[in-house]
Amino acid sequence: MPNSDSFIPEDLFVGEPTIEVRWRLQNGALPLKNRHLRAFTARGVSNGLDSWARQHIEWTLGEGAVQEPDGVLVIDVDSQGRAVMSIAPFEPLPRLSAELLLNRSSDEPDQAVESEVVWLAHQGSLIALTDGGKQLSGVNSLVFDLAETLHIGVTLAGHEHAARDVAQLGDGDECFLASDEYGIVPASDFAGAQCERFDAYYRKLIGLAKPDRRDR
């Protein structure tokens, strides 16, 4: 990918995406925008592409969020650093078991940022099924920071132990997926009060997002 600081992508026709981010919208606004943008920068994009994304978000929302105010903001970047930004309809994730949530997050191709992470609640603490080698995405960094605020201990478990940890879930344990696109998604077989707690915090925070009313 080009690293020129002056590179500003203008070609709307990109090849096979090497980077794709999908950020949930709410009421025509982008909640957690600063968290999302920090994670976007961490993907190693050029300064020019980073600036382009920051400048074009509000324009894209103003033009496209009228029809999809609760849709998904999508940014695709190809191997040459060309990018396109669009808004797609939001389609809720079906209820999935803890094992299927783990399989889903394990298939993520992004090498720099984990946009979907499975979290386990066990004996009053949280276990994030990530080895810490990647930066957490916007929603996952929110979960981590909320846990610290609530004085809930967090352990980062390596992916090589993830399947074992999920298989050992028992009575009173919980599991949820934290996703930039889908928010907090409790496992169908291991949901409970902790899942509800983090889902409520997430929904409250994104509900505070307001559309940018500046003239465009």
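None of these values were measured; they are calculated from a predicted model.

Draft legend 1. Spotlight on the pattern of salt bridges. Under the criterion given, the structure shown has 8 salt bridges. With a shortest N-O distance of 3.0 Å, Glu181 and Arg22 are connected by a salt bridge. Residue Glu181 is found in the loop between strand 9 (174-179) and strand 10 (183-186), and its partner Arg22 is found in strand 1 (residues 19-24); the two are separated by 159 residues along the sequence. A relative accessible area of 9% means that Glu181 is categorised as buried. Note that Glu58 is salt-bridged to Lys33, the shortest N-O span being 3.0 Å. Taken as a pair, Glu58 in helix 2 (residues 47-64) and Lys33 in helix 1 (residues 33-42) lie far apart in primary sequence, 25 residues in all. On the basis of relative accessibility, which here comes to 13%, the residue Glu58 falls in the buried class. Assessed through its relative accessible area of 30%, Lys33 is described here as partly exposed.

Draft legend 2. Main features of the environment of Cys175. The residue Cys175 is located in strand 9 in this model. Separated by 74 residues in sequence, Cys175 and Leu101 have C-alpha atoms that sit 8.9 Å apart. If near-sequence neighbours (up to four positions away) are discounted, Cys175 is found in contact with Ala98, Leu101, Val118, Trp119, Leu120, Leu169, Pro186, Ala187, Phe190 and Cys195.

Draft legend 3. Region of interest: the sheet that holds strand 10. Taken together, the 5 strands give an open sheet; going across it, the order is 8-6-5-9-10, and neighbouring strands pair in mixed fashion. Every other strand in the sheet has two partners, leaving strand 8 (154-156) and strand 10 as the edge strands with one partner each. Averaged over all pairs of adjacent strands, the angle between their axes in this sheet comes to 25°, without regard to strand direction. Note that strand 5 (residues 116-122) and strand 6 (residues 125-128) share 4 bridges and pair antiparallel. In the strand pairing of strand 6, Leu120 is matched with Ile127. This element, helix 3 (residues 98-106), spans strand 5, strand 9 and strand 10 of the sheet and lies at about 30° to strand 9.

Draft legend 4. View of the pairing of strand 9. Burial of strand 9 is extensive: 6 of the 6 residues sit out of reach of the surface. In strand 9, alternate side chains face the same way, and those of Glu174, Phe176 and Ala178 on one face and Cys175, Leu177 and Ser179 on the other are all buried. Bridge analysis of strand 5 against strand 9 gives 6 bridges, and the strand direction is antiparallel. Residue pairing in the sheet places Ala121 in a bridge with Glu174 of strand 9. Two strands pair when backbone bridges link them, and strand 9 and strand 10 are joined in this way by 4 bridges, in the antiparallel orientation. Residue pairing for strand 10: Ala178 is matched across the bridge by Ile184. Linkage of strand 9 to strand 10, two consecutive antiparallel strands, is achieved through a turn of 3 residues.

The rules behind the values
- Residues numbered from 1 in each chain as written.
- Predicted model: local features only at pLDDT ≥ 70, side-chain atom pairs only at ≥ 80, totals over all residues.
- Heavy atoms only, no water.
- Salt bridge = Lys/Arg side-chain N within 4 Å of Asp/Glu carboxyl O.
- Helix = DSSP H or I, 4+ residues; strand = E, 2+ residues; numbered from the N terminus.
- Buried < 20%, exposed > 50% of the residue type's maximum accessible area, 1.4 Å probe, protein only.
- Contact = heavy atoms within 4.5 Å.
- Pairing = 2+ DSSP bridges.
- Axes fitted to C-alpha atoms, helices over the stretch in contact; angles between N-to-C directions.

None of the figures reported here should be taken as evidence of function without further support.
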